[in-house]
Amino acid sequence: MLVIVLLMGKEYLDSRNYQKKYLQRIYQSYGTVSDRSYKAGEMEHIGMYYLKHRSQHQIDDITWNDLDMDSIYRKINVSCSAAGDEYLYYRLRTPVYDKAEMEHIESRIRYFAEHEKERHEVQSMVLNLGRMGKYSIYEYLEHLDTLGERKNAQYFLSNLLLLASCGAMFVSLPIGMAALGGMLCHNIVGYYKEYKQIDPYITSFRYISRLLGSAEQLGRKRIEGIAGEQERLRECHRKMRGFIRNSWMIIYTDKGNGNPLGILTDYLRMIFYLDLIQFNRALRAVRGHLPEIDEMVTLFGQIETAIVIGSYRASVQGGYCVPSIRFEQNADRHMVIEQLYHPLLTDAVKNSIDTDKGVLITGSNASGKSTFLRAVAVNAVLAQTIHTCLADCYEAPVFRIYSSMALKDDLLGGQSYYMVEISSIKRILDQVRQAREEECHVLCFVDEVLRGTNTVERIAASTQIMKMLSADYTLCFAATHDVELTKLLQDEYDNYHFEERIVEDDIFFPYKLLKGPATTRNAIALLKMLGYDERITAEAEAMAEEFLAGGSWKNIPV
C-alpha cells in the first residue's frame, strides 16, 4: 500500500511540475508568432466545428483557398485546446454582420489584452481542457447512435460469477481455481472485444469530462469581461451533473500509462468491466445533453479565441488597426485602406486605396497585382471576422466576400480551366444579384477574368461581366493583362497599376500601387534576361511593336 501511495504522489508531482513549466511557456508566448506544426489531415478535423455550424454568407471554399487562409489560420493560432482550435477556424470563416456581436467580440479581446492576471487564469483552464487527439469531438458525437442501446446487466452478471468462483475456492480449491481462471479469461477477452468498439468514444467522453471540469473551475472565478459566458457555463455544468456522477472512471483513468499503479488499475478495470459500466451510464447522459456540450465548446472557443486574437495583434510587426465597419444597411460602398500589407509577407511593401467604385489593376508579370488583390481580400476577411486589419486604417461597409483567383483544371470532374473559371465567376454574379435584392454589399476579387479562352471573346465577355460586377452594392477588385479593358471600363472602374524597372539587364519591382493604367510591359524583357535565343526575343519585340502601331498582327518569317 505504501508503494502505491508513493507512486501516486510521484506521478502527481511530476504532472504538476510539467504543467507549471508548460503554463509559463504559454504565458510568455503571448504576443509571439505561432510555431506549432500540424500533422497531415489535421486541418480537416479542425474544421469540424465550422461544418457543424454552417450558415449563409460564410467564406466559401473557393475564396478560402484563393486567399490561402489555412496558412493565415496557422500563423494566428496559439490556442491550447481543441475548442480554441476549432472555434478560431470557424471565426475566420464566419464574417460578422451584426454591430452588437462585433462590439462584444472586441470587448472580450480588449479585456484579456488589458487584464493579464485574468488572461493567465483562463489560459490555465483551457490548458487543462486540452485537445482530443486525431479527431474532433463532433466526429464522435454524430455517430453515437451507431452504438445502439448499451446495458450493464451482462457486466454485472459476469462480475457476480467471478465473485462466486472466488467463493467456490472455500468449498473446493481446485474447482474454485479453475472457475476463477475461466472467469478471468472470459472477462478479459470480453473486455477487449467491447473496449475496441467504444475506445474512440471514451476519448471523447474524457474530453467532455474536462469540459465540465473546466466549466466548473471557470464558473467559480470572478472575471468581469466574460461574466455572461461564465453564467452560461455554470448552467451547462448544472444540467450535466448526471454525466459527472457516472463518468468518474473515464475521467481519472489513464489506460496504458506504463507505471505499476497504472498496470494494476488496467487489470482491475478489465476484470470487473469498471470503465465499460461507467461508459454506458455516461452515454445515456451525453445523448440527453448534446446542446449543452456544443454550447460549452462554443463558449470556451469564444473565450480562448479572444485571447488568441489579442496575442496576434501584439505579435504583428508591421502594425495593425481596429477596423471601422459600417453595419447600416443603407451604408455606401466607399472603402478606405491606408498602409495595407499582406499578413504572410515579411518586410511587405504597404499600399493604400480609397475608392467608391470598382478597381481595375494592370501591370507587368510579377509586379504585384495578385498580391495586392489578396492583401485587400484577406484584410477584408480579417476585419469582419477577428476585427483586426494589417493596416493603419480600414473603413468600409460590411461585405459579403467572394473571390475567383487561384483556379485549376478539374481533372477528376472532367472540367477544363475555362469551365471551372466561368462556374466560379457565375457564383459571384449570383451573389451580386441576391445582394442587390436584399440591399447588401458584395466585395469580390477576380484575377485575370476569363484567362482560359481566346483574346477576342475574353475581352468582349470580360467587359460585360465586369460591368455587372460594378453594379450598386458591389465593389469589385480585378487584375488583368488586357489593357483594352482599361478603356472599355473606364466609366465603371478606377484604373491603377504596378510597374517594373529594368536597370542594366536586371529587373526591379517597387510593388507600389500607382494611379492610371499600365504603360510598360516586361514579358519579352524577361525572356532576354533568362537567356532566350536573341532571334526569339528580337522577332517577338518587332511583332509587338507592329501590333501596337497598326492594331493588327504581321506575319514575320523566322
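Along the protein, the regular secondary structure elements total 23 helices and 12 strands. Here the protein, with 558 residues, has 49% of them falling under the buried criterion. Summarising the internal contacts of the protein: among those between residues at least 6 apart in sequence, 77% fall at separations of at least 24. Total accessible area computed for the protein in this model is approximately 27900 Å², and 55% of it derives from carbon and sulfur atoms.

What follows concerns the side chain of asparagine 77. One can find asparagine 77 in the loop between α5 (69–76) and α6 (82–92). A polar side-chain atom of asparagine 77 sits 3.0 Å from a polar atom in the side chain of aspartate 85.

This brings us to the side chain of arginine 458. Relative to the assigned elements, arginine 458 resides in helix α20 (residues 455–468). Since its relative accessible area comes to 13%, arginine 458 is described here as buried. A polar contact of 2.8 Å, which involves the side chain of arginine 458, links it to the side chain of aspartate 482.

Counting residues in hydrophobic clusters, the biggest one holds 121 residues, and the most contacted among them are Ile208, Met335, Tyr394 and Phe477. It is helix α11 (residues 173–220) that provides the largest number of residues to this core, a total of 12 residues. Aside from chain neighbours lying at most four places away, what touches methionine 335 is Ile353, Asp354, Thr355, Val376, Tyr394, Glu395, Ala396, Phe399, Leu443, Leu475 and Phe477. One finds Val442, Val446, Ile465 and Leu485 within the second-largest nonpolar core, a separate group that totals 22 residues.

This part covers a nonpolar patch on the surface. Together, Leu157, Leu160 and Leu161 line one region of the surface with nonpolar side chains, adding up to about 290 Å² of accessible area. Note on placement: leucine 157 falls in helix α10 (residues 153–168).

Tallied over the full model, the rule gives 16 aromatic pairs. The interplanar angle of 75 degrees and the centroid separation of 5.7 Å between the aromatic rings of tyrosine 49 and tyrosine 138 together place this pair among those described as edge-to-face. Taken together, the residues tyrosine 49 in helix α3 (residues 48–52) and tyrosine 138 in helix α9 (residues 137–141) connect sequence positions 89 residues apart. Classification of tyrosine 49 as buried rests on a relative accessible area of 2%. Residue class for tyrosine 138 comes out buried when judged on its relative accessible area of 7%.

This brings us to the sheet that holds strand β7 (residues 441–447). Reading across the sheet, the 6 strands line up as β6-β7-β8-β4-β9-β12 and stay open at both edges, with mixed pairing between neighbours. Taken across any chain shown, the strands that pair with only one partner, and hence form the sheet edges, are β6 (399–404) and β12 (514–515). Taken together, the 3 bridges between strand β4 (residues 358–363) and strand β8 (residues 474–479) define a ladder with parallel strand orientation. Pairing of isoleucine 361 across the sheet is with alanine 479, part of β8. Of the strands in this sheet, β4, β6, β7, β8 and β9 (493–498) are in contact with helix α18 (residues 369–385), which crosses β7 at around 155 degrees.

Another point: the state of the cysteines. All chains considered together, the criterion is met by 0 disulfides. No disulfide involves cysteine 476; its nearest neighbouring cysteine sulfur is the one of cysteine 444, lying 3.7 Å away. Of the residues examined, cysteine 476 reaches a relative accessible area of 1% and is grouped as buried.

All right, on to the pairing of strand β3 (residues 351–355) then. Residues of β3 alternate between two faces, with Asn351, Ile353 and Thr355 buried on one and Ser352 and Asp354 left unburied on the opposite face. Sheet topology note: the strand β2 (residues 335–340)/β3 ladder contains 4 bridges and is antiparallel. Note that in β3 the partner of methionine 335 across the bridge is threonine 355.

Let us now look at the sheet that holds β3. Within the open sheet, the 4 strands sit side by side as β1-β5-β2-β3. Their pairing is mixed. Two strands in the sheet have a free side with no partner beyond their single neighbour: β1 (324–326) and β3. Pairs of neighbouring strands in the sheet enclose a mean axial angle of 10 degrees, with direction left out of account. Relative to strand β5 (residues 393–397), β1 runs parallel, the two sharing 3 bridges. Among the inter-strand pairings, arginine 326 is bridged to a residue of β5, identified as proline 397.

For helix α19 (residues 417–438), spanning 22 residues, the distance from its first C-alpha to its last is 32 Å, which sits close to the expected 32 Å at 1.5 Å a residue. Among the residues of α19, Tyr417, Val420, Glu421, Ser424, Ile425, Arg427, Ile428, Leu429, Gln431, Val432 and Ala435 are the ones counted as buried.

A word on the pattern of salt bridges. On inspection of all chains with the given rule, the structure shows 24 salt bridges. Each of Arg36, Glu42, Asp85 and Arg131 takes part in salt bridges that share partners, so that together they form one network.

Of all 6 residues in β8, 6 are buried, a share of seventy percent or more. Every second residue of β8 is oriented toward a common face, with Thr474, Cys476 and Ala478 on one face and Leu475, Phe477 and Ala479 on the other, all of them buried. Where β7 lies against β8, 6 bridges are found, and the strand directions are parallel. Paired with leucine 443 across the two strands is leucine 475, which belongs to β8.

Attention shifts here to the environment of serine 214. As for its placement among the helices and strands, serine 214 is situated in helix α11. A C-alpha to C-alpha distance of 9.7 Å links serine 214 and methionine 296, two positions 82 residues apart in sequence. Other than its neighbours up to four places away in sequence, serine 214 contacts Met125, Asn128, Leu129 and Phe300. A polar atom in the side chain of serine 214 sits 3.4 Å from the backbone oxygen of methionine 125.

Below, the discussion takes up unusual backbone geometry. Here glutamate 439, not a glycine, exhibits a phi torsion of approximately 55 degrees, which is positive. Residue position: glutamate 439 is located in the loop between α19 and β7. The phi angle at tyrosine 511 is positive, at roughly 60 degrees, despite the residue not being glycine. Relative to the elements of secondary structure, tyrosine 511 occurs in the loop between β11 (506–508) and β12.

With that out of the way, let us pick up the packing of helix α8 (residues 116–129) against helix α17 (residues 290–315). Packing of α8 against α17 leaves a shortest axis separation of 11 Å and a crossing angle of 125 degrees. Taken as axis vectors, α8 and α17 run oblique relative to one another. Note that α8 runs across α17; the crossing there is left-handed. For the pair formed by α8 and α17, the contact residues are Arg119, Val122, Gln123, Val126 and Leu129 on the first element and Phe300, Ile303, Glu304 and Ile307 on the second. In the contact of α8 with α17, the residues fall into 6 nonpolar, 1 polar and 2 charged.

What counts and how
Residues numbered from 1 in each chain as written. Predicted model: local features only at pLDDT ≥ 70, side-chain atom pairs only at ≥ 80, totals over all residues. Heavy atoms only, no water. Helix = DSSP H or I, 4+ residues; strand = E, 2+ residues; numbered from the N terminus. Buried < 20%, exposed > 50% of the residue type's maximum accessible area, 1.4 Å probe, protein only. Contact = heavy atoms within 4.5 Å. Areas by Shrake-Rupley, 256 points an atom, 1.4 Å probe, with all protein chains shown as cover. Polar contact = N/O pair within 3.5 Å; in protein donor to acceptor, adjacent residues only side chain to side chain. Core = buried A, V, L, I, M, F, W, Y, C linked by side-chain atoms within 4.5 Å. Patch = residues over 30% accessible without salt bridge, like charges linked within 9 Å, V, L, I, M, F, W, Y side chains within 5 Å. Salt bridge = Lys/Arg side-chain N within 4 Å of Asp/Glu carboxyl O. Phe/Tyr/Trp six-rings, centres within 6.5 Å; stacked < 30°, edge-to-face > 60°. Pairing = 2+ DSSP bridges. Axes fitted to C-alpha atoms, helices over the stretch in contact; angles between N-to-C directions. Disulfide = S-S within 2.5 Å. Expected span 1.5 Å × (residues − 1). Parallel < 35°, antiparallel > 145°, perpendicular 65-115°, else oblique. Left-handed = near helix turned anticlockwise from the far one by under 90°. Nonpolar A, V, L, I, M, F, W, Y, C, P; charged D, E, K, R; others polar.

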